[in-house]
Amino acid sequence: MSDSLTREKAPALLHYRPWRGQLGSPNAAVWPIARTALGLIFRNKLFWALYALSAMYFLLFFFGQYLLVQLETQSGGSSGGPNNAGEWMKFARKLLKLDGSGESYRIFFGFQGYMVMIVLALAGAILIGNDLRFGSLPFYLSKPLSRLHYLGGKALAVAVFVNLMTTLPAFLLYVQYSLLEDRENYFLNKWYLLLGILAYGCVLTVTLSLILLAAAVWVKRTVPMIMVWTTLFFFCRLLANALVEVLQLDPRWRLIDLWNDTVLVGNVCLSVNNIDLSRQPEWYWAALVLVGVSLTCLTYLILRIRAVEVVK
């Protein structure tokens with residue numbers, strides 16, 4: 001009798017207690033996977049060094065715009081040729097593309113893109129390549145979550161990196177432009193630019209996330225990952241320029257440059273129409289290539305992860 005009572009009281013002695021909360025949806029498993037992946041990258045000092053370097057571009061745009069507006073205001077209030085000085089300041093802001101136009105955001109996204117490429121090249125193997133290399137993926141899939149949940153969590157982590165370096169700073173610049181002097185109607189007159197910034201961010205997020213995950217699953221290690229990433233976004237750009245500029249081939253050969261494809265689609269999002277069609281393909285061809293590459297990468301990811309044996 002005493003043994004049976006001891007066994008009944010054992011859970012209480014060990015401080016076990018039943019779960020009384022409400023069980024969440026299986027889709028909520030995406031966030032823990034993303035949180036773990038983000039923690040791996042945020043603990044890397046090299047990431048913070050690169051992020052600080054990318055912040056320099058943002059500060060250049062932020063304080064450059066503020067400085068030019070202040071000089072324009074002071075020149076307009078001075079006694080010596082106010083109209084001429086004010087016009088010169090406006091011309092300088094327009095020349096330097098610090099006037100809050102779609103061209104300003106296009107140049108900003110272009111500058112930030114180089115740092116995004118470097119950060120993602122370093123992060124790819126850490127996010128998903130190591131899971132395949134060290135056998136962590138079967139552990140994830142042995143839990144009550146699907147392969148799509150796993151991919152969704154990793155893609156969410158990549159999305160955080162991309163938007164933290166591109167969309168969020170561009171949004172802050174948009175807010176700054178709207179708060180500067182003589183810009184009280186910026187929200188009303190330039191509302192489409194805010195939608196363009198968000199759309200451009202979505203294009204970069206979806207495209208880069210799928211390409212990065214597919215490349216990381218394929219090569220697994222950091223050094224081969226950097227080589228593949230360099231080939232896709234740097235060597236292909238040099239090859240496309242050589243084919244179009246040197247050999248004078250059809251501009252559609254530039255479609256092999258995936259980063260240029262994202263720029264062409266981003267220009268449409270930001271309503272930038274100063275594209276020379278004699279040297280660049282139409283934007284819808286670029287959009288078609290990005291969609292095809294994204295679907296190919298997604299298919300490869302699903303097939304590759306399905307091939308992992310899981311014991312539940």
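In what follows, the structure referred to is the one given above.
Residues numbered from 1 in each chain as written. Predicted model: local features only at pLDDT ≥ 70, side-chain atom pairs only at ≥ 80, totals over all residues. Heavy atoms only, no water.

When helices and strands are counted, the protein shows 13 helices and zero strands. Ordered by position in the sequence, the α and β elements of the protein form the string α-α-α-α-α-α-α-α-α-α-α-α-α. Counting every position in the protein, which comprises 312 residues, the buried fraction comes to 42%. The long-range share in the protein, meaning contacts at least 24 apart out of those at least 6 apart in sequence, stands at 75%. Only carbon and sulfur atoms are counted for the fraction: they give 67% of the accessible area of the protein, which is about 17600 Å². (Helix = DSSP H or I, 4+ residues; strand = E, 2+ residues; numbered from the N terminus. Buried < 20%, exposed > 50% of the residue type's maximum accessible area, 1.4 Å probe, protein only. Contact = heavy atoms within 4.5 Å. Areas by Shrake-Rupley, 256 points an atom, 1.4 Å probe, with all protein chains shown as cover.)

Next up on the list: the packing of aromatic side chains. Taken as a whole and judged by the stated rule, the model has 19 aromatic pairs. Plain terms: the ring middles of Tyr57 and Phe111 are 5.4 Å apart, the flat faces sit at 10° to each other, and that makes the pair stacked. Taken together, the residues span a long stretch of sequence, with Tyr57 in helix 3 (residues 45–77) and Phe111 in helix 5 (residues 102–133) at a distance of 54 residues. Overall, Phe111 belongs to the partly exposed group, its relative accessible area being 34%. Within the aromatic cluster, the residues linked to one another by ring pairs are Tyr57, Phe61, Phe108, Phe109, Phe111 and Tyr200. (Phe/Tyr/Trp six-rings, centres within 6.5 Å; stacked < 30°, edge-to-face > 60°.)

Core analysis: the largest hydrophobic core is formed by 63 residues, its most contacted members being Tyr105, Leu120, Leu127, Leu208, Trp229 and Phe233. Of all the elements, helix 10 (residues 191–219) adds the most residues to this core, at 14 residues. Non-local contacts of Tyr105, meaning those with residues more than four positions away in its chain, are made with Gly100, Ala170, Leu173, Tyr174, Tyr177, Tyr186, Leu193, Ile197 and Leu270. Counting residues in hydrophobic clusters, the runner-up holds seven residues, among them Val203, Leu255, Leu264 and Ala286. (Core = buried A, V, L, I, M, F, W, Y, C linked by side-chain atoms within 4.5 Å.)

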